[in-house]
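Residue-level listing of the chains:
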Amino acid sequence: MKPSFIACSLAVVSATWLASACEDHRASPNAPFPERINFLAERQYPEGIAYSSQLGKFLVTSIPQGKIGTVDTDGRYEDLLTDPALIAGIGMKVANGRVFVCNGDQGRSDKSTPATTRQTAELLVFNLATRQLERRTDLDALIPAGEPNFANDVTIAPDGTAYVTDSFSPVIYTVTATGIASVLVRDDIRFASATFGLNGIAYHPNGYLIVANTGQGKLYKIDLQNGNAISEVGGTGSLPGDGLTFLNNDLYVVTGGNRVAQVRSTDNWQTASILKYDANGYTGATTSVAVNNQIYTLNARIGETGTARDFSIQRFR
């Protein structure tokens, strides 16, 4: 929270991890996965999805319960990580045996309080082997106390640097592999929105980020090798993106909660075009993960409040 800035490691980070932070799913075996995985989890209402080859399972967060669970390819759900610090699990990545999860609060969690609602932007790092919280980095302390916060999504560069979006303030945060946090960029016009602003974020190996502004329906490029220059990605029309995932240089954009767009650029993401939509069977979809050379999207029933227990993970077709 803003009153106390935390950017410390609760465990020693190995030199090996600092050298490379490739996402776990990139090492996943080339095995057949079902087209759709249905699973039951009481009041899960997950927002983020990742895949761990170490566990051989998908990982899903929970907004109302502030926890992380696993789903295998047969649809069996199990709780994996719980911690009092995790109010609502939002975007998530798995890299080098660790889970990076955005901690935000829209006031919809069992753990929500007046002090944390719209005032929470943190990056939590859990160790998959020990199931312990290794690091908790407070991001909202980096901007004025009167501004709202909501840590939404995270992407990780090969050197271990994490980049985190804030949906209620027009900033992207950066967290080094050792946990040092700062504001990467702020743009009160291009990153702003009267509703929900910055959302999904994805790192491209050519050294830039692509980020979605949901309220504006636009994609932006942040050139990390050119002074973090910000430019709008033209050519897609209105595309209110949620989760963003690169696969084979195409960008898969979850949009509107009911479809996924396959987007391609031929000019290094100065412009892009939509190749196709998959719009069959998505229900409150939020984010995707690339595994086994396929895109799998979480049907999170986002926006609902209630006692739902049936959710699913669906392959792009």
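As the structure is a computational prediction, the values presented were derived from the model and not from experiment.

With that out of the way, let us pick up the sheet that holds strand β21 (residues 250-255). If you walk across this open sheet you meet the 4 strands as β20-β21-β22-β23, and the pairing is antiparallel. Pairing within the sheet leaves two strands with one partner each, and these edge strands are β20 (241-247) and β23 (273-278). Each neighbouring strand pair of the sheet contributes to a mean axis angle of 25°, computed without reference to strand direction.

Among the 5 residues of strand β14 (residues 171-175), 5 are classified as buried, and the element is accordingly described as predominantly covered. The alternating pattern of β14 places V171, Y173 and V175 and I172 and T174 on opposite faces, both of which are buried. Note: strand β13 (residues 162-166) against β14, 4 bridges, orientation antiparallel. Paired with Y163 across the bridge in β14 is T174.

So, about the sheet that holds strand β2 (residues 36-40). In spatial order, the strands read β2-β26-β25-β24; together these 4 strands make up an open sheet with antiparallel pairing. Both edges of this open sheet fall to β2 and β24 (285-291), since each of them pairs with a single strand only. Strand-to-strand twist across the sheet, computed as the mean angle between neighbouring axes with direction ignored, equals 20°. Pairing analysis gives 4 bridges linking strand β25 (residues 294-299) to strand β26 (residues 310-315), with the strands arranged antiparallel. Looking across to β26, one finds that L298 is bridged to I313.

Secondary-structure assignment places L184 in strand β15 (residues 181-186). Once the C-alpha coordinates of L184 and V171 are considered, the two residues, 13 residues apart in sequence, prove to be 7.5 Å apart.

The phi dihedral of N228 is positive, around 60°, even though this residue is not glycine. Note that N228 resides in the loop between β18 (218-223) and β19 (229-233). With a phi angle near 55°, N292 is a residue other than glycine that sits in the positive phi range. Mapped onto the elements, N292 comes out in the loop between β24 and β25. N292 gets classed as buried once you look at its relative accessible area, which sits at 14%.

To continue, consider the packing of aromatic side chains. Using the criterion set out here, one finds 14 aromatic pairs in the structure. Seen from their ring centres, F168 and F196 are 5.8 Å apart, and the 90° between their planes marks the pair as edge-to-face. Of this pair, F168 sits in the loop between β13 and β14 while F196 sits in the loop between β15 and β16 (198-204); the two residues are 28 residues apart in sequence, bridging distant segments of the chain. Taken together, the aromatic side chains of F33, Y51, F58 and Y296 make up a single cluster linked through ring pairs. Note that K221 overlies the ring of Y208, its terminal NZ or CZ placed 4.3 Å from the centroid. Above the ring of Y277, the side-chain terminus of R259 is found at 3.8 Å from the ring centroid.

Note: β21 against strand β22 (residues 259-264), 5 bridges, orientation antiparallel. Across the sheet, residue Y252 finds its bridge partner in β22, namely Q262.

Another point: the environment of A261. One can find A261 in strand β22. Taking relative accessible area as the criterion, A261 reaches 0% and is therefore assigned buried. Along the primary structure A261 and V175 are separated by 86 residues, whereas in three dimensions their C-alpha atoms are 29 Å apart. Contact partners of A261, with chain neighbours within four places excluded, come to L239, L251, Y252, V253, I274, K276 and Y277.

Time to look at the nonpolar core. Within the largest apolar cluster, 22 residues are counted, with the highest numbers of intra-cluster contacts made by L123, L139, V164 and Y173. One finds I37, I49, V289 and I313 within the second-largest nonpolar core, a separate group that totals 19 residues.

This part takes up the pattern of salt bridges. Using the criterion set out here, one finds 19 salt bridges in the structure. R186 is the salt-bridge partner of E147, the closest N and O atoms lying 3.1 Å from each other. Separated by 39 residues along the polypeptide, E147 in the loop between β11 (133-138) and β12 (149-156) and R186 in strand β15 bring together distant segments of the chain. For E147, a relative accessible area of 18% translates into the label buried. D250 is the salt-bridge partner of R264, the closest N and O atoms lying 2.8 Å from each other. Here R264, found in strand β22, pairs with D250, found in strand β21; they are 14 residues apart in sequence, far enough to count as distant. The class of R264 is partly exposed, set by a relative accessible area of 38%. A relative accessible area of 5% means that D250 is categorised as buried.

When you line up the elements, T286 lands in strand β24. Note on T286: relative accessible area 0%, which makes it buried. Separated by 2.8 Å, the side chain of T286 and the backbone oxygen of E47 make a polar contact. When near neighbours in sequence (up to four residues on either side) are disregarded, T286 contacts P46, E47, D242, G243, V254, L298, A300 and I302.

Criteria and cut-off values
- Residues numbered from 1 in each chain as written.
- Predicted model: local features only at pLDDT ≥ 70, side-chain atom pairs only at ≥ 80, totals over all residues.
- Heavy atoms only, no water.
- Pairing = 2+ DSSP bridges.
- Helix = DSSP H or I, 4+ residues; strand = E, 2+ residues; numbered from the N terminus.
- Axes fitted to C-alpha atoms, helices over the stretch in contact; angles between N-to-C directions.
- Buried < 20%, exposed > 50% of the residue type's maximum accessible area, 1.4 Å probe, protein only.
- Phe/Tyr/Trp six-rings, centres within 6.5 Å; stacked < 30°, edge-to-face > 60°.
- Lys NZ or Arg CZ within 6 Å of the ring centre and 35° of its normal.
- Contact = heavy atoms within 4.5 Å.
- Core = buried A, V, L, I, M, F, W, Y, C linked by side-chain atoms within 4.5 Å.
- Salt bridge = Lys/Arg side-chain N within 4 Å of Asp/Glu carboxyl O.
- Polar contact = N/O pair within 3.5 Å; in protein donor to acceptor, adjacent residues only side chain to side chain.

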